[in-house]
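# Per-entry structural report
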Amino acid sequence: MDEKIEQVSVKKSKKIVFLIWLLPFIALLISTSMLYNHFEKQGEEIEIYFNNAEGFVVDKTPLKYKGIKIGIVSNIEVDEKNINRFLVKVEVDNKALSLVAKKGTKFWKVEPKATLTEISGLNTIFSGIYIEAMPSAQNIEEIKKLEEQYTFNAVSEKPINYLQDGLFIDLKSSNGTLEVGAPVLYKSFLVGKIVKKNLKDNNVLYTIFIEEEYKSLVKEDSSFWNVNAIDLKASLSGIKFKVNTLASLIAGGIAFDSDSLKEPLVNTSKVFNLYSSKEDIDYLPDYVVLETDVEHGLEKDFSKVLYNGIEIGYVDDLSFVLEDKQSFIFVKIKKEFASLLKSNPYFELKKPTISLEKLEELPNIVKGTYISLTKRSKNEGEIKDIYTLHNNPMKREILEIVLKSDDTLKIEKDSPVFFKDIKVGRVKSKKLHSKSDELRVNVEIFKEYSYLVNSTSIFYIQSPVEINASLENISFKTAPLSGFINSSIAFDTKDLSAKRTINRFYLFPSYEKMLEQKYFLQKGKRYTLSLDNANNVLKSNSIYYKGIEAGKVVSKKYNEKTKKVDAQIFVFEKYAKYINESTKFYSISGFDMDFSLEKVNIKTQSLNTLVKGGISFISLDENAKKVKSFHKFDFYKSLDEVLKEQRFNENGLRVVVLAKSKSSLKENSPVFYRQLQIGVVEDYSLAKDGTSIELQLYIDEKFKYLVRKNSIFYNATAFGMEVSLLGVKVTTETLETLISGGISLVTPTEYKEQADSMMSFPLYNDVEEEWLNWNPKFEKL
C-alpha cells in the first residue's frame, strides 16, 4: 500500500531573524559596559621610588590603605638616574586617587618583619608583599585641599602617624641602646612606646608615643630614665637585685615619673633628657670636667667623688689628649651638692695604698681610687668650666711649732701628731740644732686644731703601748694603729683657755715623762732636803702630809760644799702653806718595831710607802716663820728621830758617865730615878785615853734638879743574889733593865748643888745597900 506522503512546506520565521541580529547588539552593549567599568575602575598611575623593590610583582602587588586595596603595581623600572633605586608605577583606583595622589602622602613596603621589639607583616607571608599609603591629613576635606602629586619617594619604615591621638615627645640621650618599639612605662605600667630613633648633633634622639589616655601623666618637669632590664647593686653592705618587665628584659625601655600636682605638659615640642638610670636624675645634667697630667687609674662608672666621706658623684666618662698628655675626667655631681662647685673646690686624686704606714687607710683599698673634693672658700664664686685634678693633698693652713728634745726620737717626716687619738698635725722635719746636739722637730698643726696648742701644752713621744702599773692601779694605753709602726707625737693641754705665748716646747721622750711634767705644772713650791745618803730618798718618793699625798721628789744631786745630797721636792700649794721653819721632813718608809716585856708594837705605813718609801713632814709650831721656796731642811730618818730631837732640847741636862764597859747599854737606854725614867743614854763613845766608855746622858728638863754634884750613877742591870738557908734572893732594878739595860741615879740625902752640864760621873757596876736608903727631899732651885 502506498502511503501518501503529505509534503508540508516550511516557512522561515521573521522572529528568529530578529533575535539573531539582537545578539551582537547585546554583546556590544556588554562589551561597552565592561569597557566602561574597566576604564572607570582603572584610575591613574602614580610613580613611587623605592630603594628596594624586591618582592614586587607587576599586576599582583597591591597598594593598600588601612588594609583596603586601592591600587596595583602596574610597572617596575630601574631608575635611569640612580640604578640603586626603582621606579614603581602604581595604578590607583579613581576613587582613591584623590586620597593618595596628594602632597605629603607616605608610601612604604610592608613585608614580614621580626625584631626584638616588633613582629609585623606576618599576613604578607600568605598574601604577599604590598605597599601601604598614609595621607598627610586625617580629614578628607583637608586632604582634598592638598596639592596633587603623582611622584613620591617611599620611606624605608612605617612612618609615625602624628595624626594619631596621643602624645609624641622627644627625648635626648647620650647613647642609643634602646630600640624602636621598646616600651614606655609609668610606675611599671605600659603607657606608650618608642616610635622613632635617630642621631642628631652627636646625641641620640628618641621619639616616644604616649597613649591618649595617659598623656596627662607627662608634666613639664617629668623625668625620663632608661629602664635596665636588671638592676644589680652590690656593695660591702649587701646586694640589691631587681628585674623589670619582660619587654625591657629584651630590649630595655623608658620609664618616667612626674609630680602629680603639676599641670600636664603644654609645650609638646620640649625635648626631655633621657637619663641612664633613675639614680642619674639626681645628678646635674652637665659634666664637671677635671684635667690632669698624671696617671690617675680612675674607672668609668666605678670611680667615686667623695666629700667628707660622702659620695657626691662619679666618673661618667674619660678622655685622653695624646699630644698634650692630658687626661680629662667627666664627672657627674649630685644636684644637692652643686653648691660645692661654687666654693672654689679642690679636687684631689686619692689612690689606695698598701703599706705598713698606711694601715689606717685600709677601707680605701676596698673603695679603690677615688676623687676627694674639699671646699676652699666659704663664699660662693663662679663655677669653672674645667677644674684641675690634683695629685697631692691641698696645702692646709697650719700652725708651725718647734719641739726640742735631748733624746733620740724614733719619728720621721710626716709622722702624725695626735690629740686624744685624733690626728691634728704632722712632723714637717727633724734636724739637729746647728750649734748643739739638741734635736729640733718642726711640727705642723692643722689650722682648725691650732686652738689646742697654748702655753700649757705638753708634747711627748707616743709609744705603741704605755703601761703604768702601781700598787693603786694598772693603766694600759695604746697608740693608734699607725703608732705601732712608727712612733708618733701626742700632746695634752691642761688649760684650753690659756694663751699661746710660745712656739717652742720641750718634747718628752715618753708618756710617763709627760705625766711627770704635767704633775709639776700644778701650783706648788719647791724645797730642798739635805740628805746624808742619797739612798734615803728615791726620786719616785711622794711627799705626804698627814697621810695625804702632798708632793713628790723632783731630783737629787750631790752638794760639793756640804758634802751631802740635796733632794729637791715639790709640794702642792695647798699643803705648802703648812711648811715653816719648824717643819721637819722625815722618812716614812719601812716599819718600826717596839719590843718590850709589856708589849710588842709593830708600826707600819701604807703598803705603798712600805714598798716605795715616802717622805712626810710635820710642823712643830704653826706660828713659826714662813720660809721661801728652795729653803733647805734637814732630813730625818724617822718621826722618832724628830721627836727625840725635840725631847733632847737645850733645856735639859747633859752629863757624862764613865763606864768600864758598854755592857748592854746603848742609845735610848733609860736613866732611872727610883725606877722612874728621867732620861736616856743620848750617845756613847770610847774615851780618848781608852780607859772608859763615855756615856752621854740626857736628863729631862723637869728632872735635872735630881742630879747633884754628889749624885751616884750605877748600872741598873746589876743585880744582887743572896743565898741563905731560907733560899736565894735576887735584887735588881726592874726586869726590863735586866734585859735591855739602863742606868740608875741616886743622890745622897744631904745633896749638894745641881750638877753642871757635861759634868762627869763614874758609873758603878754594883749598887750599895746604903745608896738605896738615901731619901733626899729636894727643894727645886
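This text gives an overview of the structure that appears in the document. (Residues numbered from 1 in each chain as written. Predicted model: local features only at pLDDT ≥ 70, side-chain atom pairs only at ≥ 80, totals over all residues. Heavy atoms only, no water.)

## Thoughts on the overall build of the protein
- For the protein, the count of helices and strands is 12 helices and 52 strands.
- Within the protein, contacts between residues at least 6 apart in sequence are counted, and of these 69% link residues at least 24 apart.
- Only carbon and sulfur atoms are counted for the fraction: they give 52% of the accessible area of the protein, which is about 48400 Å². (Helix = DSSP H or I, 4+ residues; strand = E, 2+ residues; numbered from the N terminus. Contact = heavy atoms within 4.5 Å. Areas by Shrake-Rupley, 256 points an atom, 1.4 Å probe, with all protein chains shown as cover.)

## Focus: the sheet that holds strand β48 (residues 712–715)
- The strand order around the closed barrel formed by 7 strands is β44-β47-β46-β45-β51-β48-β52, and the pairing between neighbours is mixed. Within this sheet the neighbouring strands show an average axis-to-axis angle of 35 degrees, counted without direction.
- As defined by bridge partners, β48 adjoins strand β52 (residues 760–764) across 2 bridges and the pair is classed as parallel. Directly across from Y714, in β52, lies its bridge partner Y764. (Pairing = 2+ DSSP bridges. Axes fitted to C-alpha atoms, helices over the stretch in contact; angles between N-to-C directions.)

## Some thoughts on the nonpolar core
- Among the nonpolar cores identified, the biggest contains 26 residues, and L529, V571 and F585 are the most heavily contacted of them.
- Taken together, the elements giving at least two residues each to this core come down to α7 (511–520), β35 (524–531), β36 (542–545), β37 (548–559), β38 (564–572), α8 (573–576), β42 (614–619) and β43 (632–636).
- For this core, the element with the highest residue contribution is β38, accounting for 6 residues.
- Setting aside residues up to four positions removed in sequence, L529 forms contacts with V565, D566, A567, I569, F585, I615, F633 and F635. (Core = buried A, V, L, I, M, F, W, Y, C linked by side-chain atoms within 4.5 Å. Buried < 20%, exposed > 50% of the residue type's maximum accessible area, 1.4 Å probe, protein only.)

## Regarding the environment of I371
- Its location among the elements puts I371 in strand β24 (residues 370–374).
- In this structure, the C-alpha to C-alpha distance between I371 and E311, residues 60 residues apart in sequence, is 9.8 Å.
- Discounting chain neighbours no more than four positions away, the residues touching I371 are L290, L298, K304, V305, L306, V315, I329, V331, F347, E348 and L389.

## Some words on the sheet that holds strand β23 (residues 346–350)
- Strand order around the closed barrel formed by 7 strands is β19-β22-β21-β20-β24-β23-β25, with mixed pairing between neighbours. Each neighbouring strand pair of the sheet contributes to a mean axis angle of 35 degrees, computed without reference to strand direction.
- In the sheet, strand β19 (residues 288–292) pairs with strand β22 (residues 326–333) via 5 bridges, with the strands oriented antiparallel. Looking at the pairing, V289 lines up with F330 of β22.

## So, a nonpolar patch on the surface
- Together, L23, F25, I26, L29, I30 and M34 make up a nonpolar patch on the protein surface, roughly 620 Å² of accessible area in all.
- For L29, the location among the structural elements is in helix α1 (residues 14–42).
- With relative accessibility at 52%, the residue L29 sits in the exposed group. (Patch = residues over 30% accessible without salt bridge, like charges linked within 9 Å, V, L, I, M, F, W, Y side chains within 5 Å. Salt bridge = Lys/Arg side-chain N within 4 Å of Asp/Glu carboxyl O.)

## As for the packing of aromatic side chains
- With the rule as written, the count across this model stands at 32 aromatic pairs.
- Ring geometry for Y714 and W771: centres 6.2 Å apart, planes at 40 degrees, overall tilted. One end of the pair, Y714, is in strand β48; the other, W771, is in helix α12 (residues 769–773), with 57 residues separating them in the sequence.
- Connected via pairs of aromatic rings, a cluster forms that spans Y527, Y545, Y575, Y578, F585, F617 and F633.
- Over the face of the ring belonging to Y287 we find K332, whose NZ or CZ atom lies 4.9 Å from the ring centre.
- When the ring centre of F520 is taken as reference, the NZ or CZ atom of R526 above it lies at 5.4 Å. (Phe/Tyr/Trp six-rings, centres within 6.5 Å; stacked < 30°, edge-to-face > 60°. Lys NZ or Arg CZ within 6 Å of the ring centre and 35° of its normal.)

## Section: the side chain of T61
- As for its position among the elements, T61 is in the loop between β1 (44–50) and β2 (62–65).
- The exposure class of T61 is buried, given its relative accessible area of 3%.
- Residues within four places of T61 in sequence aside, it is in contact with G55, F56, I72, V73, I129 and Y130.

## Here's the deal with the environment of G104
- Structurally, G104 is set in the loop between α2 (94–100) and β5 (106–110).
- Separated by 43 residues in the primary sequence, G104 and E147 place their C-alpha atoms 9.0 Å from one another.
- Aside from chain neighbours lying at most four places away, what touches G104 is M134, S136 and Q149.

## Remarks on the pairing of strand β28 (residues 422–432)
- Across 4 bridges, strand β27 (residues 416–419) lies against β28 in antiparallel orientation. Across the sheet, V417 pairs through a bridge with G425, a residue of β28.
- From the end of β27 to the start of β28, which pair antiparallel, there are 2 residues, and K420 there has a positive phi angle of about 55 degrees.

## Here we look at unusual backbone geometry
- In this structure, N344 is a non-glycine residue whose phi angle is positive, near 50 degrees.
- On the basis of relative accessibility, which here comes to 35%, the residue N344 falls in the partly exposed class.
- Within the chain, K563 stands out as a residue other than glycine whose phi angle is a positive 60 degrees.
- Summarising the element assignment, K563 is placed in the loop between β37 and β38.
- Look at K563 and you get exposed, because its relative accessible area is 55%.

## Observations concerning the pairing of strand β10 (residues 166–173)
- Within β10, 6 of the 8 residues are buried, which leaves the element mostly enclosed by the surrounding structure.
- Alignment of β10 against strand β13 (residues 203–211), held across 8 bridges, turns out to be antiparallel. Each residue of the ladder has a partner; that of S173, found in β13, is V204.
- With 3 bridges joining them, β10 and strand β18 (residues 271–275) adopt parallel strand pairing. Paired with K172 across the two strands is N273, which belongs to β18.

## A word on α7
- Residues of α7 that are buried: M514, Y519 and F520.
- Residues of α7 that are buried sit in contact with β30 (457–462), β33 (488–493), β34 (504–508), β35, β37 and β38.
- Here α7 starts with a cap whose side-chain oxygen sits 3.1 Å from the backbone nitrogen of K513, and that cap is S510. (Polar contact = N/O pair within 3.5 Å; in protein donor to acceptor, adjacent residues only side chain to side chain.)

## What to know about the side chain of K332
- Within the element layout of this structure, K332 appears in strand β22.
- With no salt bridge to any partner, buried K332 finds its closest opposite charge in D316, at an N-O distance of 5.7 Å.
- At a separation of 3.1 Å, a polar atom in the side chain of K332 contacts the main-chain carbonyl oxygen of L284.
- Leaving out residues up to four positions away in the same chain, K332 has contacts with Y283, L284, P285, D286, Y287, I312, G313, Y314 and D316. (Lys, Arg positive; Asp, Glu negative; His and termini not counted.)

## Here we look at the pattern of salt bridges
- Per the stated rule, a full pass over the model turns up 17 salt bridges.
- For E111, the salt bridge goes to K109, with nearest N and O atoms at 3.8 Å.
- Among the ionic pairs, K215 bridges to E212, the shortest N-O distance being 3.3 Å.
- For K215, a relative accessible area of 33% gives the class partly exposed.
- Within the structure, one salt-bridge network assembled from shared partners comprises D414, R426 and E444.

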